[in-house]
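Each chain is listed here by its residues.
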Amino acid sequence: MSRRGPQAVEIVLSEQERVELSRWAGDRAGPRVAERARIVLACADGESNTAVAAGLGLTTMTVGKWRSRFAADRLAGLVE
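A brief structural summary. From a predicted model like this one, the values you see are computed outputs, not experimental measurements. (Residues numbered from 1 in each chain as written. Predicted model: local features only at pLDDT ≥ 70, side-chain atom pairs only at ≥ 80, totals over all residues. Heavy atoms only, no water.)

1. Details of the nonpolar core
Ranked by size, the top nonpolar core spans 19 residues in total, and within it Ile11, Leu13, Leu21, Val40, Phe70 and Leu78 carry the most contacts. The dominant element in this core, judged by the number of residues it contributes, is helix α2 (residues 31-44), at eight residues. Residue contacts for leucine 13: discarding those within four places in its chain leaves Arg18, Leu21, Val40, Leu41, Ala44, Phe70 and Arg74. (Core = buried A, V, L, I, M, F, W, Y, C linked by side-chain atoms within 4.5 Å. Buried < 20%, exposed > 50% of the residue type's maximum accessible area, 1.4 Å probe, protein only. Helix = DSSP H or I, 4+ residues; strand = E, 2+ residues; numbered from the N terminus. Contact = heavy atoms within 4.5 Å.)

Here is the structure:
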């Protein structure tokens, strides 16, 4: 199967990042940060932006934004 468009940035988490994101995903950090944490966790599990967007009821643009922001700034990139 050939892919269209640019390749998404691969997300590889440290154990500490995974633990923190899992904590955030439980809504302890507020609904927006929880959603971003769920996006990053799904991306780290190897899901495409399209699959993550469909699973979470978001747009691929939103998923791509937070995937890229996390890749650049790690956990700090998810908190505004």
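2. Some thoughts on the side chain of arginine 67
With respect to the secondary-structure elements, arginine 67 resides in helix α4 (residues 60-73). Among buried Asp, Glu, Lys and Arg side chains, arginine 67 stands out as unpaired, with glutamate 47 the closest opposite charge at 8.1 Å. When neighbours within four sequence positions are excluded, arginine 67 is seen to be in contact with Ala8, Val9, Glu10, Ile11, Cys43, Glu47, Ser48 and Asn49. (Lys, Arg positive; Asp, Glu negative; His and termini not counted. Salt bridge = Lys/Arg side-chain N within 4 Å of Asp/Glu carboxyl O.)

3. Topic: the packing of α2 against helix α3 (residues 49-56)
Two elements in contact, α2 and α3, have axes whose closest approach is 10 Å; the angle formed by their N-to-C orientations is 135 degrees. The orientation of α2 with respect to α3, classified from their angle, is oblique. Once α2 is placed against α3, the crossing between them reads as right-handed. Facing Arg38, Ile39, Ala42 and Cys43 of α2, the residues of α3 in contact are Asn49, Val52 and Leu56. For the contact of α2 with α3, a count of residues per class yields five nonpolar, one polar and one charged. (Axes fitted to C-alpha atoms, helices over the stretch in contact; angles between N-to-C directions. Parallel < 35°, antiparallel > 145°, perpendicular 65-115°, else oblique. Left-handed = near helix turned anticlockwise from the far one by under 90°. Nonpolar A, V, L, I, M, F, W, Y, C, P; charged D, E, K, R; others polar.)

4. Digging into α4
Along its 14 residues, α4 runs 20 Å from first to last C-alpha, staying within 8% of the 20 Å computed at 1.5 Å per residue. Residues of α4 that are buried: Val63, Gly64, Trp66, Arg67 and Phe70. On the buried face of α4, the contacting elements are α1 (15-28), α2 and α3. (Expected span 1.5 Å × (residues − 1).)

5. So, α2
Taking 1.5 Å of rise per residue, 14 residues should cover 20 Å, and α2 covers 20 Å from first to last C-alpha, within 8% of that figure. Taken across its 14 residues, α2 has ten buried, putting it largely inside the fold. Every buried residue of α2 is listed here: Val33, Ala34, Arg36, Ala37, Ile39, Val40, Leu41, Ala42, Cys43 and Ala44. Among the structural elements, α1, α3 and α4 are those in contact with the buried residues of α2. Immediately downstream of α2, the backbone of glycine 46 shows phi near 95 degrees, a positive value.

Function-wise, these values are silent; they only describe arrangement.
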